[in-house]
Amino acid sequence: MDLTKRVGMNIRAIRKAQKLTIDELAEKCDFQAPYLSDVERGERNITLQTLTKILDALKVGPGSVLIPEFSGNEDPENNKDELLKLLMNTLEDKNEDDIRMILNISIEIFARLQKN
């Protein structure tokens, strides 16, 4: 998949995960909704300035849209490395307290799973 389509698909996935409509995100970015829709479909080559506006509106880092979605079809030997990269990119724009909270939740989940 080419980078333009990957970025667009990831922008759409993040927008939907945040329960934002295309109109709401367009307003936050000061873009027209049809333009943003073209971006999400990978039909527009965007500048870094445009990408930065979108990332700021979504409150995510660049890794969130540049790294491909993990599909599970990759070489099993590389799965752990790919997943760790995705995790690091997801956490890159979070503050220390949020990262500690996520770590504590993960520890608790794994402790409960081991009890079962």
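Here is a short report on the structure shown in this document. (Residues numbered from 1 in each chain as written. Predicted model: local features only at pLDDT ≥ 70, side-chain atom pairs only at ≥ 80, totals over all residues. Heavy atoms only, no water.)

### Some points on helix 4 (residues 48-58)
Then, number 1: Those residues of helix 4 that sit buried are Thr50, Leu51, Ile54, Leu55, Ala57 and Leu58. The buried residues of helix 4 all sit within an arc of 160 degrees when viewed along its axis, so they share a single face. Opposite the buried face of helix 4, at more than 90 degrees from it, the exposed residues are Leu48, Gln49 and Asp56.
Then, number 2: Residues of helix 4 that are buried make contact with helix 1 (3-17), helix 2 (22-29), helix 3 (33-40) and helix 5 (63-66).
Then, number 3: Phi for Lys59, located one or two positions after helix 4, is positive at around 60 degrees. (Buried < 20%, exposed > 50% of the residue type's maximum accessible area, 1.4 Å probe, protein only. Helix = DSSP H or I, 4+ residues; strand = E, 2+ residues; numbered from the N terminus. Arc of directions from axis to C-beta. Contact = heavy atoms within 4.5 Å.)

### Let's talk about the environment of Met9
Then, number 1: Within the secondary structure, Met9 is located in helix 1.
Then, number 2: The class of Met9 is partly exposed, set by a relative accessible area of 46%.
Then, number 3: It is 6.6 Å that separates the C-alpha atoms of Met9 and Arg41, two residues lying 32 residues apart in sequence.

In short, geometric facts, not functional conclusions.
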